[in-house]
Amino acid sequence: MSLYHETAEFLTAPTNVGGSLKSRIFSKKDLKSQPAQIYALAIESCKWSSVLKEVIEKADILRLERKLTPVLSVLLVHDLLLAKRGVALPAIHGLRSSVERHKGRLQSEFTKARLKRKLSSVEALKAHIEAGLENSADTSEAPYPRWVRINTLKTAIEDQLETTFAGYERATTIDAVRQRGSKRVFIDGSIPNLVAISPTSDLSKSDAYKSGAIIFQDKASCFPAYLLDPLPEDGDVIDTCSAPGNKTTHIAAILLSHNSEPEDCKQRIHAFEKNKGRAETLEKMVYQAGSDGLTKLHPGQDFLKTDPEAPTFKRVGALLLDPSCSGSGIIGRDDMPELHLPVLKQKANADSSKNFRKGKVTKASEPTEQTRKRKREEPEEPLDVLVDDDGMVTAVDTEDELKARLTALSKFQLELLLHSFKFPSARKITYSTCSIYAEENENVVKQALDSAIAEERGWRILKRNDQIRGMREWPNRGSLEACDGNTVLAESCIRANKGDEHGTMGFFLAGFVRDLKAPENIEAQFLRDEKGHLVRDLMGFPIKAGSEDEEPTTDDVTETKIPEEKIVEDQDEWGGFDDEQSIPNHEINADKKLPEKSKKQEVDRASKHSHSAVRNRQDLASKKKKKRKN
Ligand SMILES: C[S@@+](CC[C@H](N)C(=O)[O-])C[C@H]1O[C@@H](n2cnc3c(N)ncnc32)[C@H](O)[C@@H]1O
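Residues numbered from 1 in each chain as written. Predicted model: local features only at pLDDT ≥ 70, side-chain atom pairs only at ≥ 80, totals over all residues. Heavy atoms only, no water.

Asks: Break down helix 7 (residues 103-116) for me, citing the residues and quoting the values.
Replies: An ideal rise of 1.5 Å per residue puts 20 Å on 14 residues; helix 7 measures up with 20 Å between its terminal C-alpha atoms. Regarding helix 7, the residues found buried are Leu106, Glu109, Phe110, Ala113 and Arg114. Considered in projection along helix 7, the buried side chains sweep an arc of 145 degrees and stay on one side of the axis. In helix 7, the exposed positions that point more than 90 degrees away from the buried face belong to Gly104 and Leu115. (Helix = DSSP H or I, 4+ residues; strand = E, 2+ residues; numbered from the N terminus. Expected span 1.5 Å × (residues − 1). Buried < 20%, exposed > 50% of the residue type's maximum accessible area, 1.4 Å probe, protein only. Arc of directions from axis to C-beta.)

Laid out in structure tokens, this is it:
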């Protein structure tokens, strides 16, 4: 197999299995080409792909060369136009000829692409690409920002602002960071410990990223754990569909933020992941983020096969359900470089986002038997491209195909949600997808609410007024039409729209609650107001009874976030790790004791509860490293 085919294979493989592109290439044993050569070709081609896409589409070579797939065309045209030695194949090789016979046309389109960018020379264009100033998928005015969650299991936002973001200017609006080349940091107002930076700011080599102190996670992807807000009174938590672990580790951070001392935290997160390959990624992320002590992994286990009545789950009061979906809201992924693929028809320019998945190489535009048979004049672009979390790529050509796919997905999503309803001590559930389709979102919610199990167990929607502040104040709500005109239901649902002014991916979220006594043996620890509602600090965290924060200012006290009915008196939530690091399975064990606090931590304890949790977690991490060395 040629260098080009091998590279194309890595770029078209599901991106969500087996870590970053680099680790996948370098860990593969039976490669014919040098891994370093494959890696360099992949990275360079991705870097240039928005320009190459334009050049290939304008030169129209996919139509003329039917054996050339979009990804191969990018790789070959990259080498033809940019590599010193040209295409690394024998002169008579079919693939080499397939681009070389169009060299004149390709070069002329390349020149036009450069002039369009007002760059006077190829050197200037190279500098432009190297500076990361090229991203044709984004509207040029406001590229999609990079969201960074500060992992409070390992650090604190104040510490990160002083270190990782030391040279950054503070931005007061999200727009201010949506400029290529800007060095600004925006602190999000809805989700605690979340910041946004310019997409051209590369933190993937920073210590903070490598150590798991910061996690690249879209703002909308932080909504579920934040809305779930698992409190001590909620007992254990299940993350039903966990890999790669962004939400699992977010839940862990929230759990510890509610405990002034990590060793007091008796709660555990059961993290289910059906796919074994993805379960390995989850395991690494959980370790890297420092949430291993709180997480019981269930690798390769299907959540649907769990017995809700099993003793292990008797204390489970909260579940987070983020199942595989069409992925139609996804804008980008962090474990793969961006790759822009050319499509056969210029018509694709009408909606470039449709075929764009950062790091998700879709086969949508690959010529199929069907498309080959079509007459040239007919549109060849698929209606949509669905990429689910199992890496399954489905090019959907007709409305009927799309409908059939969405029906199958929503059936599975509903099944998972109804299974979650069965856990005897469960009192709160969040359901989320990164889909833009009502079929997977509002429709699933409606069917779940209408189900016999919901009625039998008393599950109802978590209304907007009862949601945690950041979610209650979030402006984008569910589709009124999809909710059959039910305003309360539509308002209860939360949406994030791909490409709008908030700079998030497309996302959907709904919460479910029911009246139930808290799981036994969990004491009330939080301050409540005269109505029995939890009193929260500015960041939305409940204030512990007897803590220094006990006397909040009027501004600190927020109204109820938890439905009144469920309050029981006197009872009481990347790809950010080093590619080279591998963590043995046995080191991840939820039963591990959390660390004793150090003297330094005693001092830190005088400050915010979240801080002392952070310090203790850092201590835990360093103890583990020492242990591993021995
Ligand atoms: C949308 S992804 C989850 C993303 C994850 N929550 C995060 O934020 O990092 C869905 C995951 O659910 C897994 N999955 C699908 N069906 C499952 C099932 N029945 N039981 C457990 N995991 C499942 C898929 O393999 C996939 O990794």
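Still more to cover.
Asks: Tell me about the nonpolar core, and please be specific about residues and values.
Replies: One finds Tyr4 and Leu76 to be the most contacted residues of the largest nonpolar core, which totals 43 residues. Of all elements in the fold, only helix 1 (3-12), helix 2 (21-27), helix 3 (35-59), helix 4 (61-64), helix 5 (70-82), helix 6 (94-100), helix 7 and helix 8 (122-130) reach the threshold of two or more residues within this core. Counting residues per element, this core draws most heavily on helix 3, at 10 residues. For Leu76, the residues in contact, after removing those within four places along its chain, are Tyr4, Leu68, Val87, Leu89, Leu95 and Val99. Of all hydrophobic cores here, the second largest spans 31 residues; its members include Ile238, Leu321, Ile453 and Leu489. (Core = buried A, V, L, I, M, F, W, Y, C linked by side-chain atoms within 4.5 Å. Contact = heavy atoms within 4.5 Å.)

Asks: Talk me through the UniProt feature "active site" (unreviewed entry) in the protein chain; I want residue IDs and the actual numbers.
Replies: UniProt marks Cys434 with the feature "active site" (unreviewed entry), using the numbering shown here. Tracing the chain through its elements places Cys434 in the loop between strand 12 (428-433) and helix 16 (442-449). Setting aside anything within four residues of it in sequence, one finds Cys434 in contact with Cys325, Gly327, Ser328, Gly329, Ile330, Met505, Gly506 and Phe507. (UniProt positions renumbered as here; feature names shortened; annotations may be inferred.)

Asks: How would you sum up the site of the ligand? Please name residues and give values.
Replies: Looking at the ligand, there are 22 residues lining it, with Lys247, Glu273, Arg278, Asp302 and Asp322 nearest. In this structure, an oxygen atom belonging to the ligand sits 2.6 Å away from a side-chain N or O atom of Glu273. In the environment of the ligand, an oxygen atom lies 2.3 Å from a nitrogen or oxygen atom belonging to the side chain of Arg278. Taken by itself the ligand offers 610 Å² of open surface, and the protein chains cover 98% of this. Of all the secondary structure elements, the ones that give two or more residues to the shell around the ligand are helix 12 (246-257) and helix 15 (399-420). Its residues placed into classes, the shell around the ligand shows 7 nonpolar, 7 polar and 8 charged. (Near = heavy atom within 4 Å. Polar contact = N/O pair within 3.5 Å; in protein donor to acceptor, adjacent residues only side chain to side chain. Areas by Shrake-Rupley, 256 points an atom, 1.4 Å probe, with all protein chains shown as cover. Nonpolar A, V, L, I, M, F, W, Y, C, P; charged D, E, K, R; others polar.)

Asks: Talk me through the pattern of salt bridges; I want residue IDs and the actual numbers.
Replies: Side chains that differ in sign of charge can pair as their charged atoms come close. Inspection of the entire model under this criterion finds 25 salt bridges. Ionic pairing is found between Asp484 and Lys446, a salt bridge with its closest N-O pair at 3.2 Å. Remark: Lys446 occurs in helix 16 and Asp484 occurs in the loop between helix 18 (469-472) and helix 19 (487-492); sequence separation between them is 38 residues. On the basis of relative accessibility, which here comes to 60%, the residue Asp484 falls in the exposed class. Three or more residues are tied together by salt bridges with common partners; here these are Glu233, Asp234, Arg427 and Lys428. (Salt bridge = Lys/Arg side-chain N within 4 Å of Asp/Glu carboxyl O.)

Asks: Any details on the packing of helix 5 against helix 7? Residues and values, ideally.
Replies: Interaxial distance between helix 5 and helix 7 falls to 11 Å at its minimum, and their mutual angle equals 80 degrees. Judged by the angle between their axes, helix 5 and helix 7 are roughly perpendicular. Contact residues: Val77, Leu80, Leu81 and Leu82 in helix 5; Lys103, Leu106, Gln107 and Phe110 in helix 7. Considered class by class, the residues forming the contact of helix 5 with helix 7 number 6 nonpolar, 1 polar and 1 charged. (Axes fitted to C-alpha atoms, helices over the stretch in contact; angles between N-to-C directions. Parallel < 35°, antiparallel > 145°, perpendicular 65-115°, else oblique.)

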